[in-house]
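Geometric and topological summary
Residue-level listing of the chains:
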Amino acid sequence: MIARFSCGAASAVATKLAIEKYGDAVEIYYTDTGSENDDNPRFIRDCESWFGKRVNVLKSEKFDNVDEVFEARKFLVNHMGAPCTSEMKRIPGDAVWRVGDVEIYGYHSAERHRVARWQAQNTERIIECPLIDRELSKEDALGMLDRVGIILPLMYRQGFKNNNCIGCVKARDNISYWKRVRKHYPEVFKRRAAQERKFSVAINRITRNGVRAEIYLDEIEEGDPKGEDFAVTCGLFCMSEADQFSPQNICHES
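Residues numbered from 1 in each chain as written. Predicted model: local features only at pLDDT ≥ 70, side-chain atom pairs only at ≥ 80, totals over all residues. Heavy atoms only, no water.

1. Thoughts on the sheet that holds strand β3 (residues 55-59)
On the basis of which strands lie adjacent, the open sheet formed by five strands has the order β3-β2-β1-β4-β5 and parallel pairing. Among the strands making up the open sheet, the edge pair consists of β3 and β5 (126-128). Sheet twist, expressed as the mean angle between neighbouring strand axes with direction ignored, is 35 degrees. Taken together, the three bridges between strand β4 (residues 102-104) and β5 define a ladder with parallel strand orientation. The partner of V102 across the bridge, within β5, is I126. Contacts between helix α4 (residues 83-94) and the sheet are confined to β1 (2-4), β2 (27-32) and β3, with β2 contributing the most and set at about 150 degrees to the helix. (Pairing = 2+ DSSP bridges. Helix = DSSP H or I, 4+ residues; strand = E, 2+ residues; numbered from the N terminus. Axes fitted to C-alpha atoms, helices over the stretch in contact; angles between N-to-C directions. Contact = heavy atoms within 4.5 Å.)

2. Describing the pattern of salt bridges
Evaluation of the coordinates by the stated rule reveals 24 salt bridges. Notably, a salt bridge pairs D173 with R205, separated by 2.5 Å at the nearest N-O pair. In this pair, D173 is assigned in the loop between α8 (154-157) and α9 (175-184) and R205 in strand β6 (residues 204-208), connecting sequence segments 32 residues apart. A residue is classified by how much of its surface remains accessible, and R205, at 34% relative accessible area, is partly exposed. Taken together, the salt bridges that share partners define one network made up of R4, R90, D94, E103 and R125. (Salt bridge = Lys/Arg side-chain N within 4 Å of Asp/Glu carboxyl O. Buried < 20%, exposed > 50% of the residue type's maximum accessible area, 1.4 Å probe, protein only.)

3. Let's talk about the pairing of β3
As paired elements, β2 and β3 share five bridges and run parallel to each other. Bridged to Y30 within β3 is V57. Regarding the hand of the β-α-β motif, the stretch spanning β2, helix α2 (residues 40-51) and β3 is right-handed. (Right-handed = clockwise from strand over helix to strand, strands pointing away.)

Structure, rendered in structure tokens:
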């Protein structure tokens, strides 16, 4: 049983549910891209206390961070994906997978289509999604962590919907996301903007006068991101799920 823990709320709850079901058979793996938030090690330690198990950290043997991948490949992203996903996530993750292993993922109730696509592309693999099995949403996962006393990763608290790499190039056609990156991580924003120009690719597109057109990061208008921050909820079923978890003492570092 391989729990694919991503330092996100959904994968954390999925991992905990898998441990409650399968116990010591679950091995937990986190793939460090070298480009995620500095708060992640704190979140990992809190989750380890909650899980009662160690999180094993995997890392690329070729690259230290996603910027090194972009420079080596001379490429950022297109409609097929980004090179960092393969180099920093899939290759290190596959190193611990064997035929017959069951992989635990944090797909939630609104992501059944993603699971179907994943299974169609990976027919040799077995996947289990505890959140979908229990009809739990992303908001439920955030609420469950809050209910058991785990401080959410910093990027959630800054309004990001996911705790991915800072300045994720797969956040395409999402001007609000990039405004939020510019607000909280201006150096990363400037680096992505320079990489766009260097590799002649625009991550985002907008509609101008009824025509879909590329827009580079350095062309995005000034101002704060629009839209609501991600909601944290915990309904009755979510609460009962959280309350059944074995109590753990979460020690928060200042």
